[in-house]
Amino acid sequence: MTIRLTVAQAVVRFLAAQRTERDGVTHRAVPGMFGIFGHGNVAGVAQALLESAESGGMPYHLARNEQGMVHSAVGYARMRNRVQFLACTASIGPGSTNMLTGAALATTNRIPVLLLPSDVFATRVASPVLQELEQPNGYDVSVNDAFRPLSKFFDRVWRPEQLPSALLGAMRVLTDPAETGAATICLPQDVQAEAFDWPEELFAERVWHIHRPMPDVDALLRATELIRGASKPLLVAGGGVHYSEATDALWAFADATGIPVADTQAGKGAILWDHPCAVGGVGSTGSPVANALAREADVVIGVGTRWSDFTTASRTAFQNPDVRFVNLNVATFDAAKHAGEMLVADARAGLEALTAALDGQRWGPTWDAAEWNEVVDRAFHLGHGPLPAQTEVLGALNEEMHARDVVVQAAGSMPGDLQMLWRARDAKQYHVEYAYSCMGYEIAGALGVKMAAPDREVFALVGDGSYLMMASEIVTAVSEGIKLNLVIVQNHGFASIGALSESVGSQRFGTRYRYRDPGTGRLDGDLLPVDLAANAESLGAEVIRVRTIEEFRAAIARSRASERTTAIHIETDPLAPVPDSESWWDVPVSEVSRLDSTQQARKTYETHKRDQRPLIAPPTGRNQP
């Protein structure tokens, strides 16, 4: 039996019938689709979504920016631990290429999202069409080919007959815990509207089972032997702990072994801040406690981490000459990093197996976090003036938020301060996108988080630079009746890059939001009269302006009580002090310069470079027979 539908109608109907299952719990795989319609999809996917909505099929959400809607989809899938994900449709040309940054972010973060960019005419009957980029060396090339290196799956449906394999291939990747990311299916605009007789079984309910790979017996034995031989082990928890829902297994491992647990940006909350084994973030923006343990660790157990340069402090964090790595990861690509002993398995299954295999062996505590906690308390209550410090804003938010609330952040100076200082009281309280660290993610990502967890209050913490990159999804939240709490931190420039610029000898050049000074010719004149609070209000948000930390605390309570999307605006001092992580990040400094500031920065850089390690020693190391 067949059913006659357009290609776009077939896409929508197929997606509505997909299910995922893990641990016996079944979910609707694609519970909705974001989109912005234009020529290329208005007569195809848009028409299909209209028909589907009338029959209660695929919910549609109108976004305001194509990059933003992919960020929202990423926030949604991450909050749902990758068992559910959203689709995004865009028009031909710039509408589709606006999704490129979102695709890169999704794939870098290992988060599933389905992208449906519209494409040129397959028939070429009217080429070149509006917004088509012509390539004289090939008529089958379009701007959407830019998605190829950014996607974990890519296909273009030139003919209706190709659609089933494309859809099934995309779903395979979207539900693969090791190889997930952006899945892109390009849909030529004429093909979207073309009818075809489809086999009915294409639209039957289909369940994709998300498996939990178990560790290989021999690999588990090798990993256990390496850990048993450690005198100063350290575990680093990454985002994979969350995605595999392994937090309970991690706590059980820590309780049983006494091994200290540090976390990455994606892994924060995997162990709560007040657990006896929790030592905080590790690496460039980590805590001095975790970084001191990292310097001395002889065996480092990475669980669900991709070992970014921030986590390893650009390979200066682990200084023990005999250090070896055990990498528990569902992806062989990440498990093999730093020449680690590869324990390829689901994080939960692997942690449970390691806990059993270590059979009660314990390591005594070798750290004291009391002094560091006092440093955090001082940073949270600095009493800085005349403008408050950013750390005071973070501290007040941390203390006023409820355990099940969620803070969303991505770029600027705040991710560093957050990883160092934030005290996570719930596994899902901390949501910082730091694999791609994309300015503009915060508000759009928070929208997706709130859609995934409507029973939680979501706070998007956004600096002025990131706000100006993308505030458009405030309108989407307002139109959908989705309540967000926005905290706009105004410091009149790029605080993070300003500090980085100073550290590399570039004197904060080009990092301030200022008028151009006619005398110097530089952008270092008076402050610009930018009113972000007024902008947020014009987009439909309720706005609360505050100047002091006491007013800020009261505003948090008021925002929580509101039923509308609410923005709290506070100005901070970009030069206020921040505690030292006692770590480093490799940002090359000019080797030659006439500037004394750059010359001095180069000397400091070369000193740190001497501490970098190749991390290529065989995992068996000293236990080698």
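Here the structure is a predicted model, which means the values were calculated and not measured.

What counts and what doesn't
Residues numbered from 1 in each chain as written. Predicted model: local features only at pLDDT ≥ 70, side-chain atom pairs only at ≥ 80, totals over all residues. Heavy atoms only, no water. Helix = DSSP H or I, 4+ residues; strand = E, 2+ residues; numbered from the N terminus. Rg over C-alpha atoms; globule rule 2.2 N^0.38 Å. Buried < 20%, exposed > 50% of the residue type's maximum accessible area, 1.4 Å probe, protein only. Contact = heavy atoms within 4.5 Å. Areas by Shrake-Rupley, 256 points an atom, 1.4 Å probe, with all protein chains shown as cover. Lys, Arg positive; Asp, Glu negative; His and termini not counted. Charge placed at Lys NZ, Arg CZ, Asp CG, Glu CD. Pairing = 2+ DSSP bridges. Axes fitted to C-alpha atoms, helices over the stretch in contact; angles between N-to-C directions. Polar contact = N/O pair within 3.5 Å; in protein donor to acceptor, adjacent residues only side chain to side chain. Parallel < 35°, antiparallel > 145°, perpendicular 65-115°, else oblique. Left-handed = near helix turned anticlockwise from the far one by under 90°. Nonpolar A, V, L, I, M, F, W, Y, C, P; charged D, E, K, R; others polar. Salt bridge = Lys/Arg side-chain N within 4 Å of Asp/Glu carboxyl O. Phe/Tyr/Trp six-rings, centres within 6.5 Å; stacked < 30°, edge-to-face > 60°. Arc of directions from axis to C-beta.

Draft legend 1. Region of the structure containing the overall build of the chain. When helices and strands are tallied, the chain shows 23 helices and 23 strands. In terms of overall dimensions, the chain is globule-like: its C-alpha atoms have a radius of gyration of 25 Å, near the 25 Å expected for 625 residues. Taking the principal axes of its C-alpha atoms as reference, the chain extends roughly 70 × 70 × 55 Å. Expressed as a percentage of the 625 residues in the chain, the buried residues total 59%. Restricting the contact set of the chain to residue pairs at least 6 apart, pairs at least 24 apart contribute 75%. Accessible surface, the chain: about 24500 Å² in total, of which carbon and sulfur atoms supply 53%. With 55 positive and 73 negative side-chain charges, the chain shows a spacing of 2 Å between the two charge centroids.

Draft legend 2. Broad picture of the sheet that holds strand β12 (residues 233-237). The sheet built from 6 strands is open, its strands ordered β14-β13-β12-β15-β16-β17 with parallel pairing. In the strand order of this sheet, the two ends are held by β14 (278-281) and β17 (341-344), each with one partner. Each adjacent strand pair in this sheet contributes to an overall mean axis angle of 20°, direction not counted. Strands in contact with helix α11 (residues 288-296) are β12, β13 (261-263) and β14; relative to β14, the strand with the most contacts, it is inclined by about 100°.

Draft legend 3. Region of interest: helix α1 (residues 7-16). The buried count for α1 comes to 9 of 10 residues, which makes it a mostly enclosed element. Within the sequence span of α1, burial applies to V7, A8, Q9, A10, V11, V12, F14, L15 and A16.

Draft legend 4. The environment of R423, seen in detail. Relative to the helices and strands, R423 resides in the loop between α16 (414-421) and β19 (430-432). Sequence separation between R423 and K268 is 155 residues, and the spatial gap between their C-alpha atoms is 9.0 Å. Excluding residues within four positions of it along the chain, R423 makes contact with W273, N373, V376, D377, F380, N398 and Q429. Of the polar contacts made by the side chain of R423, one reaches the side chain of D377; its length is 2.9 Å.

Draft legend 5. Seen up close, the side chain of Q9. Here Q9 shows up in helix α1. Q9 sits in the buried class, given a relative accessible area of 14%.

Draft legend 6. Quick peek at the sheet that holds strand β5 (residues 60-62). Here we have 6 strands laid out as an open sheet, ordered β5-β4-β6-β7-β9-β8, and parallel in their pairing. Strands at the two margins of the open sheet, each flanked by one partner only, are β5 and β8 (153-156). The mean inter-strand angle of the sheet, taken between neighbouring strand axes irrespective of direction, is 20°. Pairing geometry for strand β4 (residues 33-35) and β5, over 3 bridges, is parallel. If you follow G35 over to β5, its bridge partner there is L62.

Draft legend 7. Inspection of the packing of helix α3 (residues 66-79) against helix α5 (residues 100-108) at higher detail. At their nearest, the axes of α3 and α5 sit 7 Å apart, and the two run at 20° to each other. Between α3 and α5, the interaxial angle falls into the category roughly parallel. Every pair of crossing elements has a handedness; the one defined by α3 and α5 is right-handed. Side by side, α3 and α5 meet where Q67, V70, H71 and V74 of the first sit next to T101, G102, A103, L105 and A106 of the second. For the contact of α3 with α5, the class distribution of residues is 5 nonpolar, 4 polar and no charged.

Draft legend 8. Layout of the environment of D455. In this structure, D455 sits in the loop between α17 (441-452) and β20 (458-463). Sequence separation between D455 and L354 is 101 residues; the distance between their C-alpha atoms is 35 Å. A polar side-chain atom of D455 sits 2.5 Å from a polar atom in the side chain of R404.

Draft legend 9. The arrangement of the pattern of salt bridges in detail. Counted under the stated rule, the structure contains 29 salt bridges. Across the salt bridge formed by R159 and E194, the nearest N and O atoms sit 3.0 Å from each other. With R159 in the loop between β8 and α6 (163-174) and E194 in the loop between α7 (189-192) and β10 (195-199), this residue pair connects regions lying 35 residues apart in the sequence. Look at R159 and you get partly exposed, because its relative accessible area is 36%.

Draft legend 10. Spotlight on the packing of aromatic side chains. Using the criterion set out here, one finds 8 aromatic pairs in the structure. Ring geometry for F37 versus Y60: centroids 4.8 Å apart, planes at 15°, classification stacked. Remark: Y60 occurs in strand β5 and F37 occurs in the loop between β4 and α2 (45-54); sequence separation between them is 23 residues. For F37, a relative accessible area of 32% gives the class partly exposed.

Draft legend 11. Summary view of unusual backbone geometry. Cis rather than trans, the peptide bond between S127 and P128 has omega equal to 0°. For P128, the location among the structural elements is in the loop between β7 (113-119) and β8. Omega for the bond connecting G385 with P386 falls within 30 degrees of zero, at 5°, which places this linkage in the cis form. By the element assignment, P386 lies in the loop between α14 (370-380) and α15 (390-400). A positive phi angle, close to 60°, is found at R110, a residue other than glycine.

Draft legend 12. Inspection of α2 at higher detail. Residues of α2 that are buried include every one of V45, A46, A48, L49 and S52, and no others. Viewed along the axis of α2, the buried residues span an arc of 160°, placing them on a single side of the element. Away from its buried face, by an angle of more than 90 degrees, α2 presents the exposed residues L50 and E54. Buried positions along α2 lie against α1, β4, β5, β6 (87-90), β9 (182-188) and α7. G56, located one to two residues past α2, shows a positive phi value of around 75°.

Draft legend 13. A look at the side chain of Q84. Structurally, Q84 is set in the loop between α3 and β6. Residue class for Q84 comes out buried when judged on its relative accessible area of 8%. Here R80 takes part through its side chain, which lies 2.7 Å from a polar atom of the side chain of Q84. When sequence neighbours within four positions are dropped, the list of residues in contact with Q84 reads H27, R28, A29, P31, Y76 and A77.

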